[in-house]
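Next come the chains, spelled out residue by residue.
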Amino acid sequence: MPTMNPPQPSEYPAFCKPYIATVSADVWAEFRQQEITFSTFISQIPKEKENYAYAAEKWTVKEVIGHLLDTERIMAYRALRFARNDQQELAGFEENEYVANSNYAARSLQSLAEEFVAIRTSNLFLFSQFTEQEWSRMGQANQNTVSVRALLFILVGHINHHQKVLQERYLAS
């Protein structure tokens, strides 16, 4: 894939800036590597930590991973719609409601890791076929303007952010 510059602030909502700031200079390499590194990270979480939440009202480890699966799907869907020049404004999603209405707590970490690999593999195919014109297209989601290119950076940065949270707040000794 060609080198891709980070998106400009006008291409994404301000709340996504911390995610994008974590992405390396080679977003494509990082996007591909996460398929392996993040699924391996999930698989190495100790069983006694899988239902752990570091504070009241916080998600468990499995719920955080489930949130990442949901977000991966939603952002890819947005990227597809915007790449195809769909001008319909897309609704947002309430992440806490998604987690509350999921069955991630009943799933194994291994199944969550396998699902991440399946979703990311699919997204690698999706994102790799976009043209330069499609990368620059913009759309509206949750009353925010975002480019297809920014969605790639957001996906990578979102994994980086939550993996760090898992390491520091859930898995630290």
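Considering the overall build of the chain
And then number 1: On a plain count of helices and strands, the chain comes out with seven helices and two strands.
And then number 2: For the chain, whose C-alpha radius of gyration is 16 Å, the value lies close to the compact-globule estimate of 16 Å for 173 residues.
And then number 3: Seen through its principal axes, the chain has C-alpha atoms that stretch 45 × 30 × 25 Å.
And then number 4: Burial status across the chain gives 48% buried among its 173 residues.
And then number 5: Relative to all contacts within the chain whose residues are 6 or more apart in sequence, the contacts with residues 24 or more apart total 80%.

Things to note about unusual backbone geometry
Keep in mind that most residues, glycine aside, have a negative phi and that most peptide bonds are trans.
And then number 1: The phi torsion at Glu57 lies on the positive side, around 70°, for a residue other than glycine.
And then number 2: Within the fold, Glu57 resides in the loop between α2 (27-43) and α3 (61-83).

Structural notes on the nonpolar core
And then number 1: The biggest cluster of nonpolar side chains holds 30 residues, and the ones touching the most others in it are Phe127 and Ile154.
And then number 2: Elements with a contribution of two residues or more to this core: α1 (17-21), α2, α3, α5 (109-128) and α7 (148-170).
And then number 3: At eight residues, α7 tops the list of elements feeding residues into this core.
And then number 4: In contact with Phe127, other than residues within four places in its own chain, are Trp28, Phe31, Ala76, Ala79, Trp135, Val148, Leu152 and Leu155.
And then number 5: Grouped together as the second largest cluster of nonpolar side chains are 21 residues, Phe38, Tyr104, Val165 and Leu166 included.

Notes on α3
Quick reminder: α-helices carry 3.6 residues per turn. Residues three or four places apart thus point the same way.
And then number 1: For α3, with 23 residues, the first-to-last C-alpha span of 33 Å sits near the 33 Å given by 1.5 Å per residue.
And then number 2: In the segment just after α3, Asn85 is the residue with positive phi, at about 65°.

Focus: the pattern of salt bridges
And then number 1: Following the criterion strictly, the structure yields nine salt bridges and no others.
And then number 2: Taken together, the shared-partner salt bridges in this structure form one network comprising Lys47, Glu50 and Lys62.

A word on the environment of Met75
And then number 1: When you line up the elements, Met75 lands in helix α3.
And then number 2: The sequence separation of Met75 and Ala141 amounts to 66 residues, and the corresponding C-alpha distance is 9.7 Å.
And then number 3: Not counting residues up to four positions away in its chain, the partners in contact with Met75 are Phe93, Leu151 and Leu155.

Criteria and thresholds
Residues numbered from 1 in each chain as written. Predicted model: local features only at pLDDT ≥ 70, side-chain atom pairs only at ≥ 80, totals over all residues. Heavy atoms only, no water. Helix = DSSP H or I, 4+ residues; strand = E, 2+ residues; numbered from the N terminus. Rg over C-alpha atoms; globule rule 2.2 N^0.38 Å. Buried < 20%, exposed > 50% of the residue type's maximum accessible area, 1.4 Å probe, protein only. Contact = heavy atoms within 4.5 Å. Core = buried A, V, L, I, M, F, W, Y, C linked by side-chain atoms within 4.5 Å. Expected span 1.5 Å × (residues − 1). Salt bridge = Lys/Arg side-chain N within 4 Å of Asp/Glu carboxyl O.

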